[in-house]
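# Chain and residue survey
One-letter residues, chain by chain:
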Number of protein chains: 2
Amino acid sequence: MKLITRNTDYALRAICFVVNQEGRVVTAGELVKKLRIPRPFLRKILQSLNREGILVSTKGSGGGFYLAKPAKEIDLLELIGIFQGHLTLNECLFKKLACPNVKTCKLKKRIDKIETMVLRELAKINVASLLSEERLNVKKKDHQDRSG
Amino acid sequence: MKLITRNTDYALRAICFVVNQEGRVVTAGELVKKLRIPRPFLRKILQSLNREGILVSTKGSGGGFYLAKPAKEIDLLELIGIFQGHLTLNECLFKKLACPNVKTCKLKKRIDKIETMVLRELAKINVASLLSEERLNVKKKDHQDRSG
DNA sequence: ACAAATGATACTATTATGGTATCATTTACA
DNA sequence: TGTAAATGATACCATAATAGTATCATTTGT
Ligand code: FES
Ligand code: FES
């Protein structure tokens, strides 16, 4: 079981790279080469990040992406929200029938407490705080695909 | 994203029911009726619980299941381990290549910390502590299937 | 012997994840 | 003004994890 899926992780790597370019516009092609993420998948991810107000995109020749807000204001919880939906650690099986126990259920109470902790911690992890040490894995070999 | 999958949850409900029977041998059929879990699925779950030393089974006519150890010694972490494998919140994408950053990666460090917290809390949640308040949802209507 | 129980195990269905592939649109600039 | 270089939108496909079924073998009380 993974808390962080591939698209979230890729998004984070891409954002980190963009941050390091200090305002320069970065194209998807560049990111593909540097991060070695399959191009169509990365493109979809970048489009999401644009829609969600994390990156700004400019179209046309010379276009690309740059940060829409300070690195400090982009946290893991938000990224997970975008790519994995709301993080629900506990979900009672009697969902539709509206579980008769929700009010008293001890398990729910205890899992909820864990969930709250986890969410709080994830919200603390922001891109700026990750960047003092490098986590990008820059590569030599190019990557190729046809779409785009 | 769910921390607790169906089989883990069903297992927990089944165990709770068995605990409440105070040593009496309980059959899969009974559990199916009371908990309204699909019979073949529940049977598979009970077999796992037996293999893993949480329930003892007795075969043949009059057979069934009873607890293999005190309710206090059965915790959620163990159940999750059985049905969902080891809980890994963070798994670096460069797995096979052995990520060059594992030692320094800040993200990994921070997720690991969250993971440790979660595991510790899950280990604290044991069946006995859940049972002071009821979470079983006993039902009227029977359930039917052919296997067995 | 037979019915009532579990054990083992192989199979199937559904959903979530991890992608691909196409075509439309915008823009710089030769 | 037209073409190449970029992103936007969207539909599609592949793989893996989860959830569940189906069969047959084995054990045991009566
Ligand atoms: S049994 Fe429904 S919330 Fe716990
Ligand atoms: S980038 Fe590999 S452990 Fe973080």
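Thresholds, definitions, all that
Residues numbered from 1 in each chain as written. Chains lettered and ligands numbered in written order. Predicted model: local features only at pLDDT ≥ 70, side-chain atom pairs only at ≥ 80, totals over all residues. Heavy atoms only, no water. Helix = DSSP H or I, 4+ residues; strand = E, 2+ residues; numbered from the N terminus. Buried < 20%, exposed > 50% of the residue type's maximum accessible area, 1.4 Å probe, protein only. Contact = heavy atoms within 4.5 Å. Areas by Shrake-Rupley, 256 points an atom, 1.4 Å probe, with all protein chains shown as cover. Phe/Tyr/Trp six-rings, centres within 6.5 Å; stacked < 30°, edge-to-face > 60°. Expected span 1.5 Å × (residues − 1). Salt bridge = Lys/Arg side-chain N within 4 Å of Asp/Glu carboxyl O. Pairing = 2+ DSSP bridges. Arc of directions from axis to C-beta. Polar contact = N/O pair within 3.5 Å; in protein donor to acceptor, adjacent residues only side chain to side chain. pLDDT = per-residue confidence, 0-100. Axes fitted to C-alpha atoms, helices over the stretch in contact; angles between N-to-C directions. Parallel < 35°, antiparallel > 145°, perpendicular 65-115°, else oblique. Nonpolar A, V, L, I, M, F, W, Y, C, P; charged D, E, K, R; others polar.

Quick look at the overall build of chain A now. For chain A, the helix and strand inventory stands at 6 helices and 2 strands. Sequence-ordered secondary structure for chain A, helices as α and strands as β, is α-α-α-β-β-α-α-α. Burial analysis of chain A (148 residues in total) assigns 44% to the buried set. Taking the intrachain contacts of chain A between residues at least 6 apart in sequence as the baseline, contacts between residues at least 24 apart amount to 71%. For chain A, the accessible surface area stands at approximately 7800 Å², while carbon and sulfur atoms represent 51% of it.

Before going further, it helps to examine the packing of aromatic side chains. All names here are of chain A. Tallying each qualifying case throughout the model produces 2 aromatic pairs over all chains. With 5.8 Å between their ring centres and 80° between their planes, Tyr10 and Phe41 make a pair best called edge-to-face. In this pair, Tyr10 is assigned in helix H1 (residues 6–20) and Phe41 in helix H3 (residues 39–51), connecting sequence segments 31 residues apart.

Here H1 of chain A spans 21 Å end to end across 15 residues, near enough to the 21 Å set by a 1.5 Å rise per residue. Immediately beyond the C-terminal end of H1 of chain A, within one or two residues, lies Glu22 of chain A, with a positive phi of roughly 50°.

Residue and element names in this part refer to chain B. Taken as a whole and assessed by the stated rule, the structure comprises 10 salt bridges over all chains. Lys108 is the salt-bridge partner of Asp112, the closest N and O atoms lying 2.9 Å from each other. Here Asp112 and its partner Lys108 are both found in helix H5 (residues 106–124), 4 residues apart, which amounts to about one turn of the helix. You can call Asp112 partly exposed: its relative accessible area is 27%. For Glu121, the salt bridge identified is with Lys124, shortest N-O distance 3.0 Å. In this pair, Glu121 and Lys124 are both assigned in helix H5, 3 residues apart and thus about one turn of the helix distant. Note on Glu121: relative accessible area 22%, which makes it partly exposed.

Take the pairing of strand E2 (residues 64–67) of chain A next. Strand direction decides the pairing type here: strand E1 (residues 55–58) of chain A and E2 of chain A, joined by 4 bridges, are antiparallel. Across the sheet, residue Leu55 of chain A finds its bridge partner in E2 of chain A, namely Leu67 of chain A.

So, about helix H4 (residues 76–84) of chain B. Taken as a whole, H4 of chain B has its buried residues at Leu76, Leu79, Ile80, Phe83 and Gln84 of chain B. The buried residues of H4 of chain B all sit within an arc of 100° when viewed along its axis, so they share a single face. On its buried face, H4 of chain B is in contact with helix H5 (106–124) of chain A together with helix H1 (6–20), helix H3 (39–51) and H5 of chain B. Capping the start of H4 of chain B, Asp75 of chain B holds a side-chain oxygen 2.9 Å from the backbone nitrogen of Leu77 of chain B, two or three residues further along. Looking one or two residues past H4 of chain B, Gly85 of chain B carries a phi angle of roughly 75°, positive in sign.

This part is about the confidence of the model for chain A. Considering every residue of chain A, the mean pLDDT works out to 85; 82% of them sit at 70 or more. Contacts from residues 133–148 of chain A, a stretch scored under 50 in pLDDT, to residues over four places away or in other chains number 39 contacts.

All names here are of chain A. It is at 10 Å that the axes of H1 and H3 come closest, and there the two elements cross at 75°. As judged from the angle between their axes, H1 and H3 are roughly perpendicular. Across the interface between the two elements, Asn7, Tyr10, Ala11, Ala14 and Ile15 from H1 touch Phe41, Leu42, Ile45, Leu46 and Leu49 from H3. Split by residue class, the contact of H1 with H3 holds 9 nonpolar, 1 polar and no charged.

Another point: the environment of Leu67 of chain B. Residue and element names in this part refer to chain B. Assignment of secondary structure puts Leu67 in strand E2 (residues 64–67). Owing to a relative accessible area of 22%, Leu67 belongs among the partly exposed residues under this scheme. For the pair formed by Leu67 and Lys103, sequence separation is 36 residues and the distance between their alpha carbons is 43 Å. Not counting chain neighbours up to four residues away, the residues in contact with Leu67 comprise Ile15, Val18, Val19, Ile54, Leu55, Val56 and Ile74.

Structurally, Gln84 of chain B can be placed in helix H4. Apart from residues no more than four positions distant in its own chain, Gln84 of chain B is found in contact with Leu3, Ile4, Thr5 and Thr8 of chain B.

Further remarks concern the side chain of Thr8 of chain A. With respect to the helices and strands, Thr8 of chain A occurs in helix H1. Excluding residues within four positions of it along the chain, Thr8 of chain A makes contact with Leu76, Leu79, Ile80, Phe83 and Gln84 of chain A.

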